[in-house]
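# A closer look at the structure
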Amino acid sequence: MMMAGNNENRRRESFGNRARIGGMGHGSRNQRPHGESRGPRGETSAGKSHGPTGGRSGRRGPPRGGRPLFMERPKEEARGIRETKESVKIPPVGENIRIIHLGGVEEVGRNMSLVEIGEDIIVIDCGFSFKEEDAPGIDYILPNTKYLEERKSKIKAILITHGHLDHIGAIPYLINKIGNPPIYARNFTALMIKKRQEEFSHLPPIDLRVVEKGETLKIGSLNVAFFAVSHAIPDSMGIIIETPYGDIVHTGDLRLDHYEGEISEMEKEVYEQFKNRKVLLLETDSTNAENPGFSISERLVRENIDKVIRDTKGRLIISSFASQVERMLAMLESAEKHGRKVVIEGRSMKTNIEVTKAAGLLKVKPGALISVEEMTNYPENKLMLMVTGAQGEEFAALTRISNKTHKYIRLMPRDTVLMSSSVVPGNERSVQNLKDNISRQGVHIIHYKTSDIHSSGHANSEELAWIHAKINPKFLIPIHGYHYMHQVHADIAARVVKPENIIIPDNGMIIEIQEKGTKMVSLKENAPKNIIMVDGFSVGDMQEVVLRDRQMLAQDGMFVVIAMIDFKTGKLRKSPDILSRGFVYLKESQDLLRQARLVIKKTVEDSASGMNPINFDYIKGLVTDNVSKFLFQKTAKRPIVIPVILGI
């Protein structure tokens, strides 16, 4: 994995060196400082918007193959955020209850919301989402906290429902921006947060407080209670915020513990408490709302995986989401029961196992886990490997095993690979390539389409219907998922909640419960919602032109022109040099290059003739325009043209 990462770094460094060559001289229209636009004769106007966000990106850090790093910077840049000066004019909350989702709706991931009552703001979750296809080079996407930053004195706490990264991942990037309020979480979640904070040791310490199910706390002027919910990770919890008009219930991600549709007594006991509560508003998970019936029970999944571990004759390799912590623990217990030694391979999986040890949840004996180097000391039928990479990620353990680049592990025909995870939308081709590479080596594959060995951590439609009936809210806001998922969820909830009492939210939408809890409305104003991106060292709202240039580089490449002008005559000292990457194969395009040089020579000499002093910005703008038009006419491609004009 590190070798591959180093190769990626070398590729980025190589590109970075070429870009720096392109930045010599006086710059270019395509590589001017962010936030500046060029006038017709090369003049610059700082601060002009280049897209819908109107923001500016931070300076990009050095090449990277792993997680984002940080370094000391001047005060403004060290915060990593490009501030916007304009404030959104939003009416005061008054006696109303205000709910805003800063992320986590219209999408899967990036979960963060707030409840504002009087002088108190309670924030729920602080997660990120991973980069999208239309944001090349971006590491993570964060919620926009501008609304909170302007009201940080009112923030009394952040409540974290569980330890998945889409609920805790943004804490290191955002916590100080909103005043470093106390964070409340259950024990396992708190350990996950602490473990992640170790990667950001330069940041001030956080105020992390452990709570437990059944506990009620006074936070600000509000009573807040916590209850356990079932999910794919230990210590998941729901939140109850008591208000003068009834309770606001936020469940976080959840499913029901059941067996073939029969709800467990544990779940019935948890939800029985709502029988005696007046629930004003319910916010709950929509991720699997469009899946009919009940999900496959986790109990059945564990029974089937236990049979595979017991009956497999050779070595067993299991790949799963590292976030499926409860299932991982069950696999480890099953392996010990059937006499298999376990190798853990993959950074995220190793990290989560370390946290389960710290939480006291890992119940196997110390000798049950062995290192990858110790595998040769045991027969094949006594080995089980738990690895990352079920989604076909390029550098994950299972991918490296499948393409024979792993340092220690080689597949053998006697092996069995069990893929205990579904395919995340968008990863279909990567997963298919992964399965092909494994099967070509004669290995038997078991996956969720051929056997019941995976169940989602999110409730299906009938589970949601059961939850709605038990909680019986007056108002509903579907959360977590895309708009269509929310609409399906609303249709399910209509069995219990009046349709006019349901609002499908957008990110930044300001929803208020008004008139002493009798009406729920969305305001015409919105909280700031342009997305915030982590890009190397920089954290900020990414300027549209940067992403557009990256997309153009990926699609049509770059075309660098290097020309030297004689200051006295305005003529070129020699034929222009041309560098190109990702555009055309230069050795087979000599006629194109010859014509391009003629265009460059004519453009430079015609524009520089009689010019004293020479306006390099103006000349480079003309070169960019003329060369771009010429290349498009000849190739129907639009590479980024970077002119470097030197005066001698």
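The notes below deal with the structure included here.

Our focus in this paragraph is the overall build of the chain. If you tally the helices and strands in the chain, you get 17 helices and 31 strands. By the burial criterion, 54% of the 648 residues in the chain qualify as buried. For the chain, long-range pairs separated by at least 24 residues make up 73% of all intrachain contacts whose partners lie at least 6 apart in sequence. For the chain, the accessible surface area stands at approximately 29,400 Å², while carbon and sulfur atoms represent 50% of it.

With that settled, the discussion passes to helix α7 (residues 265-272). Those residues of α7 that sit buried are Glu267, Val270 and Tyr271. An end-on view of α7 places all buried positions within 85 degrees of arc, on one side of the element. Those residues of α7 that are exposed and aimed more than 90 degrees away from the buried face are Glu265 and Glu269. Where α7 is buried, its residues contact β12 (222-228), β16 (262-263) and α13 (461-471).

Before going further, it helps to examine the pattern of salt bridges. Where side chains of opposite charge bring their charged atoms close, a pairing between them can arise. Within the structure shown, the criterion is met by 35 salt bridges. For Arg186, the salt bridge identified is with Asp235, shortest N-O distance 3.5 Å. Residue Arg186 is found in the loop between β9 (183-185) and α6 (187-197), and its partner Asp235 is found in the loop between β12 and β13 (237-243); the two are separated by 49 residues along the sequence. Summarising the burial analysis for this pair, Arg186 and Asp235 share the class buried. Ionic pairing is found between Arg594 and Asp591, a salt bridge with its closest N-O pair at 2.8 Å. Of this pair, Arg594 and Asp591 both sit in helix α16 (residues 590-608), three residues apart, which is roughly one turn of the helix.

What follows covers the side chain of Asn304. Along the chain, Asn304 turns up in helix α8 (residues 298-311). We classify Asn304 as buried; its relative accessible area is 16%.

Attention now moves to the sheet that holds strand β26 (residues 519-526). Here eight strands make up an open sheet; going across it, the order is β10-β9-β8-β5-β4-β3-β25-β26 and the pairing mixed. Unpaired on one side and paired on the other, β10 (208-210) and β26 mark the two borders of the sheet. Each strand of the sheet is rotated relative to its neighbour by a mean of 25 degrees, with strand direction disregarded. Looking at chain direction, strand β25 (residues 509-514) and β26 are connected through five bridges and run antiparallel. Residue pairing across strands places Glu512 opposite Val521, the latter belonging to β26.

What follows deals with the pairing of strand β29 (residues 558-565). Of all the eight residues making up β29, seven are buried; the element is thus mostly covered by neighbouring parts of the structure. Judged from the five bridges that link them, β29 and strand β30 (residues 577-581) form a sheet pairing that is antiparallel. Bridging across to β30, Val560 finds its partner in Leu579. Relative to strand β31 (residues 640-647), β29 runs parallel, the two being bridged by eight bridges. By the bridge assignment, Ala563 is partnered in β31 with Ile645.

Read from one edge of the open sheet, six strands run β20-β19-β21-β18-β22-β23, paired in parallel fashion. The open sheet terminates on both sides in strands that have one partner only, identified here as β20 (369-370) and β23 (444-447). Pairing between strand β19 (residues 341-345) and strand β21 (residues 383-387): five bridges, direction parallel. Counted as the bridge partner of Lys341 is Leu383 from β21. Along the sheet, helix α9 (residues 325-337) contacts β18 (316-320), β19, β20, β21 and β22 (416-420); its crossing angle with β21, the most-contacted strand, is approximately 170 degrees.

Tracing the sequence through the fold places Ser264 in the loop between β16 and α7. Judged by relative accessible area, which is 16%, Ser264 ranks as buried. In this view, Ser264 contacts Asp257 and His258; residues no more than four positions away in its chain are not counted.

So, about the packing of aromatic side chains. In the structure shown here, the tally under the stated rule is seven aromatic pairs. Between Phe567 and Phe616, the aromatic rings sit 6.0 Å apart at their centres with planes inclined by 85 degrees, giving edge-to-face as the arrangement. Here Phe567 is found in the loop between β29 and β30, whereas its partner Phe616 is found in helix α17 (residues 616-635), with 49 residues between them in sequence. Accessibility expressed as a relative area gives 9% for Phe616, which makes it buried. Among the aromatic residues, ring-to-ring pairing joins Phe227, Tyr271, Phe274 and Trp466 into one connected group. Here the guanidinium or amino end of Arg299 rests over the ring plane of Tyr259, the centre of that ring lying 4.0 Å away.

A word on unusual backbone geometry. A negative phi angle is the norm for most residues apart from glycine, just as the trans form is the norm for most peptide bonds. Even without being glycine, Asp125 reaches a positive phi, approximately 70 degrees. Counting through the fold element by element, Asp125 comes out in the loop between β5 (120-124) and β6 (129-130). Despite not being glycine, Lys404 has its phi angle at roughly 65 degrees, a positive value. Among the secondary structure elements, Lys404 is positioned in the loop between α11 (397-402) and β22.

Cut-offs applied
Here the residue numbering is sequential within each chain, running from 1 through the sequence in written order. This being a predicted model, a pLDDT of at least 70 is required before a residue's local features are given, and a value of 80 or more before pairs of side-chain atoms are given or counted; all residues contribute to the totals for chains, interfaces and linings. Only hydrogens and water are set aside; all other atoms, that is, all heavy atoms of the structure, feed into the side-chain values. The helix and strand labels rest on DSSP assignments: H or I over at least four residues marks a helix, E over at least two residues marks a strand, and numbering proceeds from the N terminus. Buried means the residue's accessible area, taken with a 1.4 Å probe over protein chains only, is under 20% of the maximum for its type, while exposed means over 50%, and partly exposed covers the values in between. Every residue pair with non-hydrogen atoms within 4.5 Å of one another is taken to be in contact. In these tables, accessible area is a Shrake-Rupley quantity obtained with a 1.4 Å probe, and a residue counts as shielded only by the protein chains included in the view. Directions drawn from the helix axis to the C-beta atoms are what define this arc. Each salt bridge in this description consists of a side-chain nitrogen of Lys or Arg and a carboxyl oxygen of Asp or Glu lying within 4 Å of one another. Paired strands, as defined in this entry, are two strands with at least two bridges between them according to DSSP. In this analysis an axis means a line fitted to C-alpha atoms, helices contributing only their contacting stretch, and an angle means the value between N-to-C directions, from 0 to 180 degrees. Working definition: a ring pair exists when centres of Phe, Tyr or Trp rings (six-membered ring for Trp) sit within 6.5 Å. Plane angles under 30 degrees give stacked, over 60 give edge-to-face, the rest tilted. Throughout this description, the term charge over a ring refers to an Arg CZ or Lys NZ atom that lies within 6 Å of the ring centre and within 35 degrees of the ring normal.

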